[in-house]
Amino acid sequence: MKTLFNIKYHSLLSFLFLVVISANSISQTVYSSKEQSTFTFNVGLTTTGEYRDTISYSQGVLFSGGATYLFAVSDKSNIGIEASYIGKAFKRSNPIIKYRYFYVEIPLYYQYKFSENIRGNIGIQYSKYLNSYYYYLDGSQNTGVHKLPLNTKLGDDYGLLLGLDIGILKNFYLGARYSISASSFLENNTPYMGTFQFTLRAVVFRGYKQLFNKHQEPTK
């Protein structure tokens, strides 16, 4: 009788152990090796031209910085959305006057993956005007220049973009993009900007496609 009791006791313990292990395996999250999303920080430079104006301006150089979220819609394509603080500059040579415009830009674009390290972008963007100023040489100032606020028609804007991202290290990409105001196509007499943007993108988060069954680490 004691032997029969021991057999039943051990059988019950074994059954409970298997139930606990199975429940634990089912409750764990499984991720595939395919990226579902990425989040990056971006810093870079801009060079901007101002067109369709009565004055001929030269291009200037300023800076940009922001963040990007990419979400995979297929193995070969992503949808990207960004938020960036961007400076746009141009200048006159005679007399020497430099103009500075600052925007928050929100691009939304489709990204096609030619390979893991080469990706093309095409989309639209909204530019929210923040402020602008100009400055010129002035020997009466301690800094040697005189800075004044600038009244401008180049305010909030919608535009188109075309770009390319190239992977240089696992978590770093170099990006080049050209954006142009939609008014260049829709209006005949309105001044507009065209901007080349060169960026360094650093990936700070990678999300992987979620599956089921048991836990496995994403393939590097």
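> For this particular structure, what's the right way to read the overall build of the protein chain?
Looking only at helices and strands, the protein chain features two helices and nine strands. Sequence-ordered secondary structure for the protein chain, helices as α and strands as β, is α-β-β-β-β-β-β-β-β-α-β. By residue count, 37% of the 220 residues in the protein chain fall in the buried class. Put simply, 62% of the contacts in the protein chain that link residues at least 6 apart link residues at least 24 apart. When the accessible surface of the protein chain is summed, it comes to about 13,800 Å², and 63% of that surface belongs to carbon and sulfur atoms.

> Could you clarify how one ought to interpret the confidence of the model for the protein chain in this entry?
In low-pLDDT regions, the fine details of the predicted coordinates are not to be read closely. In this model, the protein chain carries a mean pLDDT of 84, and residues with pLDDT of at least 70 account for 78%. Taken element by element, the protein chain is modelled with least confidence in helix α1 (residues 2-27), mean pLDDT 49, and with most confidence in strand β8 (residues 172-181), mean pLDDT 97. Per-residue pLDDT stays below 50 along residues 15-21; that stretch engages in zero contacts with residues further than four places along the chain or on separate chains.

> Teacher, can you tell me more about the pattern of salt bridges here?
Oppositely charged side chains can form a pair if their charged atoms are brought close together. Evaluation of the coordinates by the stated rule reveals eight salt bridges. Note that lysine 128 is salt-bridged to aspartate 156, the shortest N-O span being 3.3 Å. Of this pair, lysine 128 sits in strand β5 (residues 118-137) while aspartate 156 sits in the loop between β6 (145-149) and β7 (157-169), and the two are 28 residues apart along the sequence. With a relative accessible area of 42%, aspartate 156 lands in the partly exposed category. Between aspartate 165 and arginine 201 there is a salt bridge, and its shortest N-O distance comes to 3.4 Å. Within this pair, whereas aspartate 165 is found in strand β7, its partner arginine 201 is found in strand β9 (residues 192-210), the two being separated by 36 residues in sequence. With respect to class, aspartate 165 is no different from arginine 201; both count as buried. Among the ionic contacts, a cluster of salt bridges with common partners joins Glu82, Asp165, Arg177 and Arg201.

> Could you clarify how one ought to interpret the side chain of arginine 206 in this entry?
In this structure, arginine 206 sits in strand β9. Setting aside chain neighbours within four positions, we find arginine 206 in contact with Glu35, Ser37, Thr38, Lys170 and Asn171.

Definitions and limits used
- Think of each chain on its own: its residues are numbered from 1, step by step along the sequence as written.
- Whole-chain, interface and lining totals are the exception, using all residues; otherwise, since this is a predicted model, local features are given only for residues with pLDDT of at least 70 and side-chain atom pairs are given and counted only at 80 or more.
- Each side-chain value is worked out from all heavy atoms of the structure, with water and hydrogens disregarded.
- For the purposes of this entry, the term helix denotes a DSSP run of H or I that reaches at least four residues, the term strand denotes a run of E that reaches at least two, and both are numbered from the N terminus.
- Per-residue accessibility, obtained with a 1.4 Å probe over protein chains only, is compared with the maximum for each type, and a residue is labelled buried under 20%, exposed over 50%, and partly exposed between these values.
- Between two residues, a contact is recorded if the distance between any of their heavy atoms is within 4.5 Å.
- Surface accessibility follows the Shrake-Rupley procedure with a 1.4 Å probe radius. Residue values consider only the protein chains on display as shielding.
- Residue-level confidence of the predictor is what pLDDT reports, using numbers from 0 through 100.
- The working definition used for a salt bridge is a side-chain nitrogen of Lys or Arg within 4 Å of a carboxyl oxygen of Asp or Glu.

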